[in-house]
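# A structural walkthrough
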Amino acid sequence: MTLAGYRRDADTHPPLDSPEYRSTRLRHPTQPLTLLPHRLTEVTGPLLGPGRVGPLDHDLTRQHDGEPVGQRIIVHGRVLDGDGRPIPDSLIEIWQANAGGRYRHTGDRWPSPLDPNFDGVGRTLTDAEGRYEFVTIKPGAYPWRNHDNAWRPAHIHFSLFGRSFTQRLVTQMYFPDDPLFGQDPIFNAVPERARFRLVSRFDLDRTRPEWALAFEFDIVLRGRDATPLEDGHG
Amino acid sequence: MAELPTTPSQTVGPYLHIGLSWDDGPYVVPEGTPGAVWLCGRVLDGAGEVVTDALVESWQADPDGRFDQLGWRGFGRSDTRDGGYAIHTVVPGAVAGQAPHLDVSVFARGLLHRLVTRIYFPEHERSEDPVLRSVPPERRDTLVATRTGDGYAFDVRIQGERETVFFDV
């Protein structure tokens, strides 16, 4: 059996031990990771198809009787692999705070109101060209307790599967020119040259006049190794 | 073709449950499937505390060692809000010269990137498995589930004594 593995991209990602982000202290392995060559289990992945996505799951502004409060935005982009190939028919899940920076989660108790018309949860599938689009509300910043007067920059959580176990990625999309970037240890844990890849681009062409602003966020999952493995045993 | 730089990982954060929990998440196979077992365990931090804001995902072959059979989901997902994860599945078959195993991802607040581990089963011959053989012998046990009344138990120890072996995938 001939299998191509995926290129390794460790230099893209934040280190698991990132002391400025205090929750990593007891939650990073202290033993070195063991290299796992890619075999069949790593180059295959689940097919999580249309049955998981309802008709309004991509539009977070239309999931209740009324409209949510806040700035209506379109978030769109493409999911590609590291060779520039689109990843079609792939599940994307997002979740986020409301316009005031509050999550609809029992653990989020900070004094900013919930919005009865906003859950902050969306799903969609990429199309044949790897494109996706969500309609939502621009999330607010919110305080957390990592350090004195810590605030998370506005962000939307993204979960992607790609085509294989190896391509699985959970990340966060940020907004251009956020003044809170400088003090955020989660954003800054990413190597400096890679941070901008997490920041969406304001996209005037995709705004809808008198309706919504737009931001573009392309996501790149790992590409294939040039050389196929010799066999299924890697 | 030009190589594109990949998108960096970020933590799922403490509110992962609203975005990633599915009602049917734990069910790799439906209830009532012959041979189905519950695979359960805790995620523990470096202080030995139970992590309740983690998400455990599994990917595995079917009992014949195949991934591509029509209707085979192969995927399980469980959060740990009740103190542990629980996945309802069947024991996979051997895959391409490897002992039967699940590939597992662990996400949590405080994890800036997923952790990847494997779960093997106590009843199988594992001495020729190439992945286990790449692990120091004294740590291999951290990758093997133990038998319980209705299936198997497998704790993920992120840090500290008997730290689980994690893989650079």
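Residues numbered from 1 in each chain as written. Chains lettered and ligands numbered in written order. Predicted model: local features only at pLDDT ≥ 70, side-chain atom pairs only at ≥ 80, totals over all residues.

## Re the overall build of chain A
Applicable threshold: The helix count covers DSSP runs of H or I at least four residues long, the strand count covers runs of E at least two residues long, and both are numbered beginning at the N terminus. Counts of 20 or more other C-beta atoms within 10 Å of a residue's own C-beta define buried residues, counts of 12 or fewer define exposed ones, and intermediate counts define partly exposed ones; C-beta atoms are placed from the backbone. Two residues form a contact once the distance between their C-beta atoms, set from the backbone, is within 7 Å.
When helices and strands are tallied, chain A shows three helices and twelve strands. If one aligns the C-alpha atoms of chain A with their principal axes, the spans along those axes are about 55 × 40 × 30 Å. The 234 residues of chain A split such that 42% are buried. The long-range share in chain A, meaning contacts at least 24 apart out of those at least 6 apart in sequence, stands at 74%.

## Some remarks on the sheet that holds strand S1 (residues 37–41) of chain B
Residues and elements named next belong to chain B. Test applied: Two strands make a pair as long as DSSP finds a minimum of two bridges between them. Fitted lines through C-alpha atoms give the axes, limited to the stretch in contact for helices. The angle between two N-to-C directions lies from 0 to 180 degrees.
Reading across from one edge, S5-S1-S9-S8 is the order of the four strands in this open sheet, with mixed pairing throughout. Looking at the sheet topology across the chains shown, the edges are occupied by strand S5 (85–89) and strand S8 (146–148). When strand polarity is set aside, the average angle formed by the axes of neighbouring strands in this sheet is 25°. Note that S1 and strand S9 (residues 151–153) share three bridges and pair parallel. Across the sheet, leucine 39 pairs through a bridge with tyrosine 152, a residue of S9.

## Observations regarding the interface of chain A and chain B
Heads up, the rule is: All residues other than Ala, Val, Leu, Ile, Met, Phe, Trp, Tyr, Cys, Pro, Asp, Glu, Lys and Arg, Gly among them, are scored as polar; the first ten of these are nonpolar and the last four charged.
Taken together, the contacts link 63 residues of chain A with 57 residues of chain B. Put simply, the parts of the chain that give the side of chain A that touches chain B at least two residues each are strand S1 (34–35), helix H1 (40–43), strand S3 (91–96), strand S8 (155–160), strand S9 (169–174) and strand S12 (219–221) of chain A. The element contributing the most residues to the side of chain A that touches chain B is S9 of chain A, with four residues. Taken together, the residues of the side of chain A that touches chain B break down into 27 nonpolar, 25 polar and eleven charged.

## Topic: the nonpolar core
The cut-off we apply is this: Throughout this description, the term nonpolar core refers to a group of buried Ala, Val, Leu, Ile, Met, Phe, Trp, Tyr and Cys residues whose C-beta atoms join them within 7 Å.
Judged by nonpolar contacts, the single largest core of 88 residues is most densely connected at Leu160 of chain A together with Val43, Ala54, Val106, Phe107 and Ala108 of chain B. In terms of residue count, strand S6 (residues 101–108) of chain B provides more of this core than any other element does, five residues in total. Not counting residues up to four positions away in its chain, the partners in contact with leucine 160 of chain A are Val79, Ser90, Ile92, Leu169, Ile219 and Leu221 of chain A. Val43 of chain A together with Ala61, Phe67 and Val95 of chain B belong to the second largest nonpolar core, which has six residues in total.

## A word on the environment of valine 170 of chain A
With respect to the helices and strands, the residue valine 170 of chain A is situated in strand S9. On a C-alpha basis, the gap between valine 170 of chain A and histidine 64 of chain A in space is 27 Å, while along the polypeptide they are 106 residues apart. For valine 170 of chain A, the residues in contact, after removing those within four places along its chain, are Ser159 of chain A together with Ser9, Gln10, Val12, Phe107 and Arg114 of chain B.

## Quick notes on the sheet that holds S3 of chain A
Residue and element names in this part refer to chain A. The strand order across the open sheet formed by four strands is S4-S3-S8-S9, and the pairing between neighbours is antiparallel. Only two strands of the sheet have a single partner each, and these edge strands are strand S4 (121–125) and S9. Adjacent strand axes in the sheet meet at a mean angle of 20° when their direction is disregarded. Pairing analysis gives six bridges linking S8 to S9, with the strands arranged antiparallel. From the neighbouring strand, leucine 160 faces S9, where its bridge partner is leucine 169.

## Regarding the pairing of strand S2 (residues 72–81) of chain A
Residues and elements named next belong to chain A. Sheet topology places S2 next to strand S5 (residues 131–137); seven bridges connect them, and they run antiparallel. Bridge assignment links arginine 78 to a residue of S5, and that residue is arginine 131. The sheet contact formed by S2 and strand S11 (residues 213–216) spans four bridges and is parallel. Bridge pairing links isoleucine 73 to leucine 213 in S11. Pairing between S2 and S12: three bridges, direction parallel. Following the sheet pairing, valine 79 is matched in S12 by isoleucine 219.

## Observations concerning unusual backbone geometry
Leaving glycine aside, a negative phi is the common case for residues, and trans is the common case for peptide bonds. In this structure, aspartate 89 of chain A is a non-glycine residue whose phi angle is positive, near 55°. Tracing the backbone shows aspartate 89 of chain A in the loop between S2 and S3. Although it is not a glycine, arginine 162 of chain B adopts a positive phi angle of roughly 55°. Looking at arginine 162 of chain B, the number of C-beta atoms within 10 Å reads 10, which means it is exposed.

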